[in-house]
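# Understanding the architecture of this molecule
As a plain string of letters, each chain reads:
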Amino acid sequence: MTHRVSGFLLACFLVIGTGGVAWAHAFLDHAAPPVGSTLAAPPPVIRIWFTQDIEPAFSGIEVTDSAGARVDDGTPRVDDRDRTLLIVGLKNLPPGEYKVHWHVISVDTHATEGNFTFRVGP
Amino acid sequence: MTETLLVAARVVHFAASIGVAGTLCFTVLIARPAALEAAYRRWLWACLALAVISGFGWFLALAAGMSGRSLSASFDPHLLSTVLLQTRFGRLFSLRFAFAALAALALLLPARVGRISAFACAAALLGSLAWAGHGADDQGANGVFHLAADIVHLLTAGAWIGGLAPLAWLFQRAIAAGDGEWVEIARRAAQRFSALGIVAVGLLLASGVINASYLVDSLAGLFGTAYGRLLLLKIVLFAALIAVATVNREVLTPRLSAAPRGAKQRASDDALRQLRRNALIEAGLGLGVLGVVAFLGTMVPAAHQQPLWPFPIRFSADVLSVPALRGEVWLALVSASLGVALAGASFVFRKLWGAVVVVWLVIIAFFLPSLNLLTLPAYPTSFFQSPAGFTTRSIARGEQAFAQNCVSCHGAQGKGDGPLAKQLTDAPADLTADHIYAHSDGDLFWWISNGIANTAMPGFSAQLDAETIWNVIDFVHANADGVRAAEGTPARAPDFAIQCPDGTVTALRQLGGRIVHLVFAGPQDDARLAALSRLDLGGDVTTVIAPLGAHEDALRPFCAVAEPGMEQAYALYPPGRGQSLAGDEFLIDGKGWLRGVWLPRAGAGWSDERTLRTDLDEIRANPILASPRPAGHVHQ
């Protein structure tokens, strides 16, 4: 029984197509440095692209070293031309593992946050 | 507390905005008996006031939510002005407040002008809610389409649900008056309103389906996530609304008659009472829908969650590509569709109803075995999508877990020829065979986690965490891809991080559209790197070096792989596992397909730059249009 019902519903959905996905919360799309990467040279900035436009006033990135000390310049900003891109400058990073914590509010008011790490040096 | 206020304020705000727009719509399109003018006016003012108050509640709850503060700590002028002036919601809030104020002003104007302009302001107040919802996505034509559907949905809901209160009022008044003139007014209003209702149902369905397709994105999302199931609840409430409206239209409205006395009048009075009751029931159902909507808007839409599939089977059109079965399945599909059409027709030719249903059931029963071919066994995780991203790191981690847990049966190459394989009555699956591409990632995830019933395949959920299982699945796919790549089939290139000489960092998948010339450079390859640094392969080619002991000076001009150990994953493709990749070169096209390999030990190849250029031209001339997707990704 269930498969006939689901088959029928599926047919309905096929008719309208599935279209693209509109991301209603801002999730991390990709980052530079990429999540979990190991870099030979220290990156000058962290860039994170989200799946939706974000609110500059309530979005930020904090970067900490393995001892928990802040290594970002404390002034995260949203790119002027690409409102999905959040950027924060970094101090000159010695080799080690770094933790990136991001928290954003999407323009439709939903809050999301997350963490990732990257390494500098061998 | 903040969350409760948010949902409560949203329900009240939706209902009040719909009340304002719907009541004005009612007076413009349906009826405005002079005796009810004052009552409707009071109702309008009450709704407008509620809309403004609940709007402030919503604003405050959001300010608290955005700043992460408690509600009481959010009464901070600095915070409130930041939200008001610097966020899109704040600007929308100001604009909508202006619409509400204009609507109030318009209500003070003389009758006709005031009514029309108040209606326009109320429509703007309601329609602009679309920007506060999940549809407020800025990105491209898709976003505009979604937004338009959202606006239509809101306005239509306003016209229908918001018109129920003035309609019930009108029925109430007609009952109280108890004369033929009022019955006639009620009859005409009921007729007009049901005509509006039919249009509304059509528009709500169409725009609702469009919205759902953006936010749920799949059947699995509808049945398998909390968001989807709440949406199903909304659909059930909507269906109940349609059922009540149908009774009003088909049964009750025709009974209304202005006949002065007798049985007909009693029937008419009863119908009027039932219409009033039904209008209130509809309004209640409508409020239920709004409650669900207010809650849905604060949840993560289903398209972002792993859906738990609740049924033991899933639909699959794969059988339609099997020539021997194709005809049978199509015949069954066409017959079943004819059956559905017949069942629909039976609503029109009511006398044949019973016979048609019997015929339909016989058709379905006869073709059921054939229709069953369109289904596959399914598991709760069948529609899970891998979060592992097919990166070199995921594949390397998967290979390690595979070596520890899987090789004893499946063999080091995954061909099903491990040392224990001979002791098993059923041979372990050959994980390099074509069937691996027929299973969804979610099916593989279930089998690795829980084993496969009636086979020797055990479950590994106790030994491997979810991430590791996704890694194993990435490895199994890369391993099977590698076998095919050795025969010249393009394979999906595993993703890895890249750092360029200016310090910028990116990843293979982010190079969008560029051809990547990937060179594994050992200590002996300095001369090759020097030659490549002088070579201009074209503006659409990026040379990326994977350093395997190459000297730093030789690497300096190039972008380099920033993912230690990534060669472990690339060794699954030609040259083959266990070989050193030093000196080997790959070409990856703009879509991420692995298109060419040169192994120096196999011949001069790309050391002659003309051969390399010819191969690049070949890639440019014959692009693969499809994007490489995770093998076994379920298309719905």
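Definitions and cut-offs
- Residues numbered from 1 in each chain as written.
- Chains lettered and ligands numbered in written order.
- Predicted model: local features only at pLDDT ≥ 70, side-chain atom pairs only at ≥ 80, totals over all residues.
- Helix = DSSP H or I, 4+ residues; strand = E, 2+ residues; numbered from the N terminus.
- Buried ≥ 20, exposed ≤ 12 C-beta atoms within 10 Å, placed from the backbone.
- Contact = placed C-beta atoms within 7 Å.
- Rg over C-alpha atoms; globule rule 2.2 N^0.38 Å.
- Pairing = 2+ DSSP bridges.
- pLDDT = per-residue confidence, 0-100.
- Expected span 1.5 Å × (residues − 1).
- Bend = angle between axes of the 7 residues up to and from the residue.
- Core = buried A, V, L, I, M, F, W, Y, C linked by C-beta atoms within 7 Å.
- Domains from an automatic or database assignment.
- Axes fitted to C-alpha atoms, helices over the stretch in contact; angles between N-to-C directions.
- Parallel < 35°, antiparallel > 145°, perpendicular 65-115°, else oblique.
- Left-handed = near helix turned anticlockwise from the far one by under 90°.
- Nonpolar A, V, L, I, M, F, W, Y, C, P; charged D, E, K, R; others polar.

Along chain A, the regular secondary structure elements total 1 helix and 8 strands. Tracing chain A from N to C terminus, the helices and strands come up as α-β-β-β-β-β-β-β-β. Counting all 122 residues of chain A, 37% fall into the buried class. Once local pairs closer than 6 in sequence are excluded, the contacts in chain A between residues at least 24 apart make up 59%.

Here we take up the overall build of chain B. Looking only at helices and strands, chain B features 21 helices and 10 strands. Computed over C-alpha atoms, the radius of gyration of chain B comes to 33 Å, more than 25% over the 26 Å expected from 2.2 N^0.38 for 636 residues, which places it beyond the range of a compact globule. For chain B, the C-alpha atoms occupy an extent of roughly 105 × 70 × 50 Å along the three principal directions. For chain B, buried positions account for 41% of its 636 residues.

Once that is clear, we can look at the sheet that holds strand β8 (residues 559-561) of chain B. Adjacent strands of a sheet form backbone hydrogen bonds with each other and so pair up, either parallel or antiparallel. Residue and element names in this part refer to chain B. The 8 strands lie next to each other as β3-β10-β9-β6-β7-β8-β4-β5, forming an open sheet whose pairing is mixed. A strand with exactly one partner marks an edge of an open sheet, and here the two such strands are β3 (491-492) and β5 (505-507). The sheet contact formed by strand β9 (residues 585-588) and strand β10 (residues 593-598) spans 4 bridges and is antiparallel. Opposite Glu-585, over in β10, you have Trp-598 as the bridge partner.

All names here are of chain A. Spatial ordering of the open sheet is given by β2-β8-β7-β4, a layout of 4 strands whose pairing is mixed. The sheet terminates laterally at β2 (38-39) and β4 (60-64), the two strands that pair on one side only. Where β2 meets strand β8 (residues 111-120), 2 bridges bridge the pair, whose relative direction is parallel. Following the sheet pairing, Thr-38 is matched in β8 by Arg-119.

Residue and element names in this part refer to chain A. Locating Asp-108 in the fold gives a position in the loop between β7 (96-105) and β8. Take Asp-108: there are 25 C-beta atoms within 10 Å of it, and that puts it in the buried class. With 11 residues separating them in the primary sequence, Asp-108 and Glu-97 have C-alpha atoms 34 Å apart.

Time to look at unusual backbone geometry. Following Ala-32 of chain A, the chain continues to Pro-33 of chain A via a peptide bond in cis, the omega torsion being 0 degrees. Positive phi, close to 50 degrees, is recorded for Phe-390 of chain B, a residue that is not glycine. Checked against the element boundaries, Phe-390 of chain B lands in the loop between β2 (375-377) and α14 (392-405). A count of 24 C-beta atoms within 10 Å places Phe-390 of chain B in the buried class. Of note in the backbone geometry, Asn-454 of chain B takes a positive phi value of approximately 65 degrees without being a glycine. Its location among the elements puts Asn-454 of chain B in the loop between α16 (441-450) and α17 (466-485).

It is worth spelling out the confidence of the model for chain A at this point. Parts of the prediction with low pLDDT should not have their coordinates interpreted in detail. Of the residues in chain A, 80% have a pLDDT of 70 or more, and the chain-wide mean is 79. Contacts for the low-pLDDT stretch residues 1-23 of chain A, under 50 throughout, to residues beyond four places or in other chains number 38 contacts.

Now for the pairing of strand β3 (residues 45-50) of chain A. Residue and element names in this part refer to chain A. Judged by which residues are buried, β3 turns out to be one-sided: Ile-46, Ile-48 and Phe-50 face inward and are buried, whereas Val-45, Arg-47 and Trp-49, on the alternate face, are not. In the sheet, strand β1 (residues 28-32) pairs with β3 via 4 bridges, with the strands oriented antiparallel. Each residue of the ladder has a partner; that of Ala-32, found in β3, is Arg-47. As defined by bridge partners, β3 adjoins strand β6 (residues 85-89) across 5 bridges and the pair is classed as antiparallel. Each bridged residue has a counterpart across the sheet, and for Val-45 the counterpart in β6 is Gly-89.

Right, let's get into helix α13 (residues 353-372) of chain B. Here α13 of chain B spans 27 Å end to end across 20 residues, near enough to the 28 Å set by a 1.5 Å rise per residue. Along α13 of chain B, the sharpest change in direction is near 45 degrees and occurs at Phe-366 of chain B; proline Pro-369 of chain B comes one to four residues later.

With that settled, the discussion passes to the nonpolar core. Counting 177 residues, the largest nonpolar core has Val-20, Ala-122, Ala-186, Ile-545 and Ile-588 of chain B as its most contacted members. Those residues within four positions of Ala-186 of chain B in sequence are excluded, and the remaining contacts are Leu-170, Phe-171, Ala-174, Leu-256 and Leu-272 of chain B.

Our next topic: the domain arrangement of chain B. Under the domain assignment, chain B is made up of domain 1 (1-132), domain 2 (317-373), domain 3 (406-484) and domain 4 (491-621). Each of domain 1 of chain B and domain 3 of chain B has a C-alpha centre, and the two are 57 Å apart.

Residues and elements named next belong to chain B. With 94% of its residues at a pLDDT of at least 70, chain B reaches an overall mean of 87. Considering only residues more than four positions removed or in separate chains, one finds that residues 630-636, a stretch of pLDDT under 50, has 17 contacts. Interface predicted TM-score (ipTM) for the complex: 0.76; the corresponding pTM is 0.78.

Once that is clear, we can look at the pairing of β4 of chain A. Residues and elements named next belong to chain A. Here β4 shows a clear split, with Ile-61 and Val-63 buried on one side and none of Gly-60, Glu-62 and Thr-64 buried on the other. Direction of pairing for β4 relative to β7: antiparallel, over a ladder of 5 bridges. Residue Gly-60 lies in a different strand from β7, and its bridge partner there is His-103.

What follows deals with the packing of α16 of chain B against α17 of chain B. All names here are of chain B. One way to put it is that α16 packs onto α17 with a least axis distance of 10 Å and a crossing angle of 120 degrees. By the criterion of interaxial angle, the relationship of α16 to α17 is oblique. For the crossing formed where α16 meets α17, the hand is right-handed. Residue-level contacts link Asp-441, Leu-444, Phe-445, Ile-448 and Ser-449 of α16 to Ile-469, Val-472 and Ile-473 of α17. Considered class by class, the residues forming the contact of α16 with α17 number 6 nonpolar, 1 polar and 1 charged.

What follows covers the environment of Thr-4 of chain B. Here Thr-4 of chain B is to be found in helix α1 (residues 2-29). Along the chain, Thr-4 of chain B and Thr-381 of chain B lie 377 residues apart, while their C-alpha atoms are 32 Å from each other.

We now examine the packing of helix α3 (residues 77-86) of chain B against helix α4 (residues 88-108) of chain B. Residue and element names in this part refer to chain B. Between α3 and α4, whose axes approach to 4 Å, the crossing angle comes to 80 degrees. In terms of orientation, α3 and α4 fall into the roughly perpendicular class. Along the contact surface, α3 presents Val-83, Leu-84, Leu-85 and Gln-86, while α4 presents Gly-90, Phe-93 and Ser-94. Of the residues assigned to the contact of α3 with α4, the class counts are 4 nonpolar, 3 polar and no charged.

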